[in-house]
Amino acid sequence: MKKKNVYDKIKEEEEQIKEYNKPKKSHDIKAMFSQRLLAFIIDLVFISMITSIITMFVPVNDTTTKLYEEQNRVLEGYVDGTVSMEEYVNQMVDLSYDISRQTVIVSIVAVVISLLYYVVYPCYNNGQTFGKKLMKIKIKKTNDKELTMNDLLVRSMINNSILVNIINIILVLFLSKSLYLSTSSVVSSIQYLVLIISLIMIAFTKNAQGLHDKVCKTEVVVADTVKEDVLCTSEN
């Protein structure tokens, strides 16, 4: 009987230790919709500037240069009234397709930059991009577990158009012009719809989570209310 009591006591202590070590939900302050929106816009402008500067050093061939010149000529013709609306739209669509095919390397570089900025950088910067740092907010897991690089990757694929950009690169390489234009239009429309739905969810739902947050089980909170010494890991 004595041995049984000792055993029960040990088991009880083990259960207490397990319960103590379980992740506990902290009472974090949700980031305001305006903070998240401003951070999103700041990040968009910042990454666009960085991408433009870096891709300036990516060499382009003479064909691409001529296509850009032709695009400018069509635009000037439309402004001057020598090119009709229908002609303008048709020519710009054709030129955009040709330019996309000629600048695949630039598109790949842009995707890599986006991955570094939206995935790697916040992974080692307490879940913060430049925009989120300015707005003093950050990404974290809803269960207070460590934020992983996989979480940020999936989140960015949905929220920052990285997946759409990758799909468009594949489409322009392997599909005909007409099929590419129609498919790319559908993919882009889906991306815009996802963004609109996410904005509505963030603005009007109790947990203020967008689709990307729901999928990755993340939330955006005020940075000062969470532990700043937790580093991101590359594992789930």
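No experiment lies behind these values; they were computed from the predicted model shown.

Caption draft 1: Examining the pairing of strand 2 (residues 218-222) more closely. With five of its five residues buried, strand 2 lies for the most part within the structure. Bridge analysis of strand 1 (residues 137-141) against strand 2 gives five bridges, and the strand direction is antiparallel. Bridging across to strand 2, Ile137 finds its partner in Val222.

Caption draft 2: Up close: the pattern of salt bridges. Inspection of every chain in the model, using the stated rule, returns eight salt bridges. A salt bridge links Asp94 to Lys177; the shortest N-O distance between them is 3.7 Å. Separated by 83 residues along the polypeptide, Asp94 in helix 4 (residues 85-102) and Lys177 in helix 9 (residues 177-204) bring together distant segments of the chain. Relative accessible area serves as the criterion here: at 32%, Asp94 is assigned to the partly exposed category. When its relative accessible area of 31% is taken as the criterion, Lys177 is described as partly exposed. We note a salt bridge from Asp144 to Lys140, for which the minimum N-O separation is 2.5 Å. What emerges from the salt-bridge pattern is a single network uniting Lys30, Lys140, Asp144 and Glu219.

Caption draft 3: Fine view of the packing of helix 5 (residues 104-123) against helix 8 (residues 162-174). For the pair helix 5 and helix 8, interaxial distance at closest approach is 10 Å and the crossing angle is 160 degrees. If you check the angle between helix 5 and helix 8, you find them roughly antiparallel. Two packed elements cross with a definite hand, and for helix 5 against helix 8 that hand is left-handed. Here Val104, Ser107, Ile108, Val111, Ser114, Leu115 and Tyr118 of helix 5 lie close against helix 8, whose contacting residues are Ile162, Asn165, Ile166, Ile169, Val172 and Leu173.

Caption draft 4: Just the packing of helix 4 against helix 9, in detail. The geometry of helix 4 relative to helix 9 is characterised by a closest axis approach of 11 Å and an angle of 95 degrees between their N-to-C directions. The angle between helix 4 and helix 9 places the two elements in the roughly perpendicular class. Counted together, Val93, Asp94, Tyr97, Asp98 and Ser100 of helix 4 and Lys177, Tyr180 and Leu181 of helix 9 form the full contact between these two elements. The residue makeup of the contact of helix 4 with helix 9, split by class, is four nonpolar, one polar and three charged.

Caption draft 5: Just the nonpolar core, in detail. Within the largest apolar cluster, 13 residues are counted, with the highest numbers of intra-cluster contacts made by Ile47, Tyr118, Ile162, Val172 and Tyr180. Residue assignment for this core shows that the elements contributing at least two residues are helix 5 and helix 8. In terms of nonpolar packing, the next biggest core, distinct from the first, is built from nine residues, Ala31, Val119, Cys123 and Leu152 among them.

Scoring rules and cut-offs
- Residues numbered from 1 in each chain as written.
- Predicted model: local features only at pLDDT ≥ 70, side-chain atom pairs only at ≥ 80, totals over all residues.
- Heavy atoms only, no water.
- Buried < 20%, exposed > 50% of the residue type's maximum accessible area, 1.4 Å probe, protein only.
- Helix = DSSP H or I, 4+ residues; strand = E, 2+ residues; numbered from the N terminus.
- Pairing = 2+ DSSP bridges.
- Salt bridge = Lys/Arg side-chain N within 4 Å of Asp/Glu carboxyl O.
- Axes fitted to C-alpha atoms, helices over the stretch in contact; angles between N-to-C directions.
- Parallel < 35°, antiparallel > 145°, perpendicular 65-115°, else oblique.
- Left-handed = near helix turned anticlockwise from the far one by under 90°.
- Contact = heavy atoms within 4.5 Å.
- Nonpolar A, V, L, I, M, F, W, Y, C, P; charged D, E, K, R; others polar.
- Core = buried A, V, L, I, M, F, W, Y, C linked by side-chain atoms within 4.5 Å.

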